[in-house]
Structure formats: structure tokens, C-alpha cells
Amino acid sequence: MRIGILGTGGLAEGLGRGWVQAGHELVIGGRSRAKADALAERLGGPTRAGTPREAAAGRDAVLLAVLWEGVEDILRSAGAADGQLAGTPLIDPTNAVEHGVGVLLPEHPGGAAGQIAAAAPGAHVVKAFHLFPADQWTRAPGNGDNSGGAPGPTVAICGDDETALRITSDLVRDVGGVPAVLGPLSRARQLEEVAGFVIGLAFAGVDPASAIPHVPSGAVAA
């Protein structure tokens, strides 16, 4: 696939490395062209740097890999308001939460994903990859090669477009994850609240996994 990545940080590099290994073609577009050039060189393979607009144009999927504070700026640079991302799966891994507390910041009723969808008319927004740190994707079992080893982490995703969900699911598998479709994009805020819960506990010194009961697949907790 032809994938655009908006951003040059750890998540862009972690997922980008797995996708290059899986044979995808990447265009990196960041607010800093120098950082985009450097990341493209590190990833190698069929990867090149470009402007944010070039990274968004004609792609099979686009990853929005910037901090929440930079979302509005990078989408503007990519031409999102002009419909540049219309019809494109736009993968949203952002965590719009108060640092160290986990309280959600956006007032939009649809949360961060809903606000992104409003800023990118016509884009098929899919919430995904927001619950794990960037280095998860450089050490996940089967990163770039799902031919063996233990199953990777479950990546909960949600969105309204079936094709976008399928493409995102394939990209999750390409980095060693197991996709799990939670439902439509209206459930993205629920996923974002989970991230806030996890972040809040982690900063409080508590292992978030210890606060979640293990429910076997197919069973429902009483």
C-alpha cells in the first residue's frame, strides 16, 4: 500500500519501520522537513519525505502521528479542510489528555476522533494504535512478519467505513498486532476514555493491567 505519515516522532518511526518491512511505500510529511528527511532515511526502503500535503495525496491510508497540540496545524498543512483527505482512511492514534492526569481535553462530543473528522471533511477516520507506547511496535512479536511467535497486542479500533477498517486491520497485523473492531466512530470517545484511565493509573504508579479483570473470550463479567 501507499501510506502517508503525518509526523516524525516515535510512533511514526515505530509503525513506519514495521510497514516498510511489510513492503509498503511510505511518504513522511512533518512540520519540519529536516526531521521528515531524517526519518525517511532511517526507515529506508520505498520511503521518501515530502510536504504534509504530499504525504496526504493519493494514499491508501494516512497515519496522523503527532501530539494533540499539533493536530490542527498538520491537518491544515495537509490540506484536510480543502478535502485533500476525502475518501482516505485517516488513522488517529492521538491521546488528547491532560498530561499526568488522563482527563480528556477536547470538548467535541465525539472526542478527539470526532474533532479530527470535523477538521478533515470526507476522511474515513479510524481510531487505532492509541493505547500502546511507540516502542511497542519495534518489539512486538512478528513485527513486519506475522508468520510465527506469540500473538501480539490487541489493537481496539473503531470507524464508520468498512474499507477503512479493513485497511487499518491489515496494517495492525503488519506490525504484529491483533485488530479488534469495537464499533463505529461514535465509540472512539470510549476508547479515548480508556486511554485516559490507563494514563492516570500509570502516572499514579499503578499497573493499569492490574485494575482490569481478565474475562475469557466469549464470556461476560457478572
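Preceding block: the structure.
In this text the structure is predicted, and so the values were computed from the model without any measurement.

Enquirer: Requested: an account of the layout of surface pockets, with residues and values cited.
Expert: Its boundaries defined by the atoms lining it, the largest pocket holds a volume of some 790 Å³. Lining the largest pocket are 31 residues, with Val66, Leu67, Trp68, Pro93 and Asn95 sitting closest to its centre. Where the lining of the largest pocket is concerned, the elements lending two or more residues are α1 (10-21) and α8 (188-203). The biggest single contributor to the lining of the largest pocket is α8, with four residues. Across the lining of the largest pocket, the residue classes break down as 17 nonpolar, 11 polar and three charged. When its volume is computed, the second largest pocket comes out at roughly 480 Å³. Surrounding the second largest pocket, 17 residues form its lining, Leu131, Thr154, Ala156, Leu191 and Val194 being those nearest its centre. Listing elements by their share of the lining of the second largest pocket, those giving two or more residues are β7 (154-159), β8 (178-183) and α8. Here the lining of the second largest pocket gets four residues from one element, more than from any other, and that element is α8.

Enquirer: Help me get a handle on the sheet that holds strand β2 (residues 25-29), residues and values and all.
Expert: Strand order in the open sheet formed by eight strands is β3-β2-β1-β4-β5-β6-β7-β8, and the pairing between neighbours is mixed. For this open sheet the edge positions go to β3 (47-50) and β8, each flanked by a neighbour on one side alone. On average, each strand axis in the sheet is tilted by 25° relative to the strand beside it, whichever way the strands run. For strand β6 (residues 124-127) and β7, the ladder comprises two bridges, and the chain directions are antiparallel. Note on β7: the bridge partner recorded for valine 126 is glycine 159. Packing of α8 onto the sheet brings it into contact with β5 (89-92), β6, β7 and β8, and relative to β7 it is tilted by some 145°.

Enquirer: An account of the packing of aromatic side chains is needed here, citing residue identities and associated values.
Expert: The tally for this structure, following the rule as stated, stands at three aromatic pairs. Aromatic side chains phenylalanine 132 and tryptophan 137 sit 5.8 Å apart centroid to centroid with 80° between the ring planes, which places their arrangement in the edge-to-face category. Taken together through their ring pairs, the aromatic side chains of Trp19, Phe129, Phe132 and Trp137 make up a single cluster.

Conventions we followed
Residues numbered from 1 in each chain as written. Predicted model: local features only at pLDDT ≥ 70, side-chain atom pairs only at ≥ 80, totals over all residues. Heavy atoms only, no water. 1 Å grid on protein atoms, 1.4 Å probe; cavity = no way out; pocket = protein on both sides within 12 Å on 5 of 7 lines; lining within 4 Å. Points joined across faces, edges and corners; volume = space filled by probe spheres on them. Helix = DSSP H or I, 4+ residues; strand = E, 2+ residues; numbered from the N terminus. Nonpolar A, V, L, I, M, F, W, Y, C, P; charged D, E, K, R; others polar. Pairing = 2+ DSSP bridges. Axes fitted to C-alpha atoms, helices over the stretch in contact; angles between N-to-C directions. Contact = heavy atoms within 4.5 Å. Phe/Tyr/Trp six-rings, centres within 6.5 Å; stacked < 30°, edge-to-face > 60°.

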